[in-house]
Amino acid sequence: MAMPRPTAAQFAYGSCTVIFSTLAMLLLSQTSSGPGVALIAVAALALGLLVAMTVPQPRTRAVTAVPAHRFSADRERVPAGARVSAGAGEATRGRAA
């Protein structure tokens, strides 16, 4: 079973969460060491992934298939001899040619 594609809302919320949480954690911790920055970056990515996965998915409508024979069954069959002609314009057109 394949994973569903992420929506635009999931990308937006996840990206904003990563950016803002990284900035907030760097400013609050006031760290300048490499391992500290790396730890904050990993934590922010994990938080962004968590937020992106909890955004509600759009609901899909159930599509019901209409059987092909249903359309032909609704139409009334007309015998070939009972068809109505187009009218006087058709007869006039035939004589002019």
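Residues numbered from 1 in each chain as written. Predicted model: local features only at pLDDT ≥ 70, side-chain atom pairs only at ≥ 80, totals over all residues. Heavy atoms only, no water.

Peer 1: Residues and numbers for the overall build of the protein chain, please.
Peer 2: Broken down by element type, the protein chain carries four helices and zero strands. Of the regular secondary structure in the protein chain, the N- to C-terminal order runs α-α-α-α. Relative to its full complement of 97 residues, the protein chain shows a buried share of 12%. Carbon and sulfur atoms make up 65% of the accessible area of the protein chain, which totals about 8,800 Å². (Helix = DSSP H or I, 4+ residues; strand = E, 2+ residues; numbered from the N terminus. Buried < 20%, exposed > 50% of the residue type's maximum accessible area, 1.4 Å probe, protein only. Areas by Shrake-Rupley, 256 points an atom, 1.4 Å probe, with all protein chains shown as cover.)

Peer 1: Account for helix α2 (residues 34–54), naming residues and giving values.
Peer 2: Over its 21 residues, α2 runs 30 Å from end to end, which matches the ideal 30 Å to within 8%, given 1.5 Å per residue. Here α2 has its buried residues at Gly36, Ile40, Ala44, Gly48 and Ala52. Burial along α2 is one-sided: seen end-on, the buried residues are contained in an arc of 135°. Of the exposed residues in α2, those oriented more than 90 degrees away from the buried face are Pro35, Leu39, Val42, Leu45, Leu49, Leu50, Met53 and Thr54. (Expected span 1.5 Å × (residues − 1). Arc of directions from axis to C-beta.)

Peer 1: Describe the environment of threonine 31, with residues and values.
Peer 2: With respect to the secondary-structure elements, threonine 31 resides in the loop between α1 (8–29) and α2. Its relative accessible area of 26% is what places threonine 31 among the partly exposed residues. Apart from residues no more than four positions distant in its own chain, threonine 31 is found in contact with Leu26, Gly36, Val37 and Ile40. (Contact = heavy atoms within 4.5 Å.)

Peer 1: Describe the packing of α1 against α2, listing the residues and the values that go with them.
Peer 2: One can describe the packing of α1 onto α2 by two numbers: an axis separation of 8 Å at closest approach and a directional angle of 150°. Looking at the two axes, α1 sits roughly antiparallel to α2. Note on packing geometry: the crossing formed by α1 with α2 is right-handed. Between α1 and α2, the residues in contact are Gln10, Tyr13, Gly14, Thr17, Val18, Ser21, Thr22, Met25, Leu26 and Ser29 and Val37, Ile40, Ala43, Ala44, Leu45, Leu47, Gly48, Val51, Ala52 and Met53, respectively. Class assignment of the residues belonging to the contact of α1 with α2 gives a composition of 13 nonpolar, seven polar and no charged. (Axes fitted to C-alpha atoms, helices over the stretch in contact; angles between N-to-C directions. Parallel < 35°, antiparallel > 145°, perpendicular 65-115°, else oblique. Left-handed = near helix turned anticlockwise from the far one by under 90°. Nonpolar A, V, L, I, M, F, W, Y, C, P; charged D, E, K, R; others polar.)

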